[in-house]
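# Breakdown of the fold
Here is what each chain is made of, one letter per residue.
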Amino acid sequence: MLSSFLQPASFSPLLANVHSYASEFLHENSNLGFLTNSLLVAGVVVALVLWFAHKATKSMTLIPHKAQNFFEFIVEFLYGQVVGIVGAKIAPRVFPLLATIFIYILVSNWFGLLPGVGTIGWGEGTGLLSVKEVHDPLLRAPTADLNMTFGLSVSMFLVWLYITIKEVGVWGFIVHTFGAKGGLKGVMGAMVGLVFLFVGVIEIFSIVFRPVTLSFRLFGNVLAGENVLHTMSGMGGFIGSVLAPLPFYFMELLVGLLQAIVFTLLSAVYIQLSTSHDDHGHEEAHH
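Summarised in this report is the structure supplied together with it. (Residues numbered from 1 in each chain as written. Predicted model: local features only at pLDDT ≥ 70, side-chain atom pairs only at ≥ 80, totals over all residues. Heavy atoms only, no water.)

### Structural notes on the overall build of the chain
Looking only at helices and strands, the chain features eight helices and two strands. Along the chain direction, N to C, the helices and strands of the chain fall in the order α-α-α-β-β-α-α-α-α-α. When each of the 287 residues of the chain is scored for burial, the buried share is 33%. Intrachain contacts of the chain at a sequence separation of at least 6 include 63% that bridge at least 24 residues. For the chain, the accessible surface area stands at approximately 17100 Å², while carbon and sulfur atoms represent 73% of it. (Helix = DSSP H or I, 4+ residues; strand = E, 2+ residues; numbered from the N terminus. Buried < 20%, exposed > 50% of the residue type's maximum accessible area, 1.4 Å probe, protein only. Contact = heavy atoms within 4.5 Å. Areas by Shrake-Rupley, 256 points an atom, 1.4 Å probe, with all protein chains shown as cover.)

### A look at the layout of surface pockets
Approximately 740 Å³ is the volume found for the second largest pocket. Along the wall of the second largest pocket there are 28 residues; nearest its centre are V49, I74, A99, I103 and Y104. Among the secondary structure elements, those contributing two or more residues to the lining of the second largest pocket are α1 (37–57), α2 (66–86), α3 (91–111) and α4 (146–178). Ranked by residues supplied to the lining of the second largest pocket, first place goes to α3 with twelve residues. Split by residue class, the lining of the second largest pocket holds 26 nonpolar, two polar and no charged. (1 Å grid on protein atoms, 1.4 Å probe; cavity = no way out; pocket = protein on both sides within 12 Å on 5 of 7 lines; lining within 4 Å. Points joined across faces, edges and corners; volume = space filled by probe spheres on them. Nonpolar A, V, L, I, M, F, W, Y, C, P; charged D, E, K, R; others polar.)

The structure is reproduced here in structure tokens:
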């Protein structure tokens with residue numbers, strides 16, 4: 001697992017000590033090592049989203065009920081945003097995945113803010129059903145696990161590759177990435193061609209590292225939020241531990257939304273950049 005490379009560090013008393021990796025339920029069974037607390041919550045999140053989608057669309061009427069109305073609002077709003085970025089031609093192909101990823105990341109981020117998530121689990125006992133500090137939480141936000149964010153990024157990368165090849169073809173992608181722009185000829189055209197060839201190599205490296213940057217950005221922001229809330233909860237005794245985190249909970253609600261938007265927006269932009277030039281090519285040929 002990717003998160004096995006992230007080992008727990010020893011922090012000073014003023015800093016949180018939230019693990020940067022998910023906790024396994026069955027440590028002694030290596031074949032079931034994938035069963036982690038983040039995977040458990042991921043299953044719960046998927047079940048909640050599917051349940052609500054089924055409830056909203058089970059008995060659709062001309063005059064929508066509350067669940068249907070809310071569901072239709074989400075779908076229409078997200079579809080409009082996707083069309084505005086990738087265009088009406090590509091939107092039907094990529095909207096299902098982009099909308100699903102956005103909703104899943106948003107619910108996962110906010111699920112991690114629920115009371116008990118990250119604070120109920122195993123640790124050094126101080127009494128009946130109480131511990132001094134939770135070392136292995138029972139529940140953990142899926143997006144606080146690098147394996148989950150990297151899996152989302154790789155899935156998005158594979159869909160980007162499929163859509164790009166299907167839309168412009170392998171040769172079209174090569175020409176778009178390495179081909180010279182501007183229509184210059186002669187010595188100047190050759191020099192510009194070398195420049196765009198070098199830029200194309202840089203673009204290939206950028207494409208390869210996109211899953212890494214997407215996954216680490218989401219994982220890092222969620223993990224940082226966990227550390228902030230963990231730190232605030234340990235300050236000022238009982239009253240301080242309740243009041244101090246409240247402003248940061250509202251901040252993390254906003255951060256959870258922003259990170260879902262950023263992940264989905266960047267994915268849509270990557271698709272748009274690799275497919276939009278096909279339309280320009282047709283326009284030039286037409287003229």
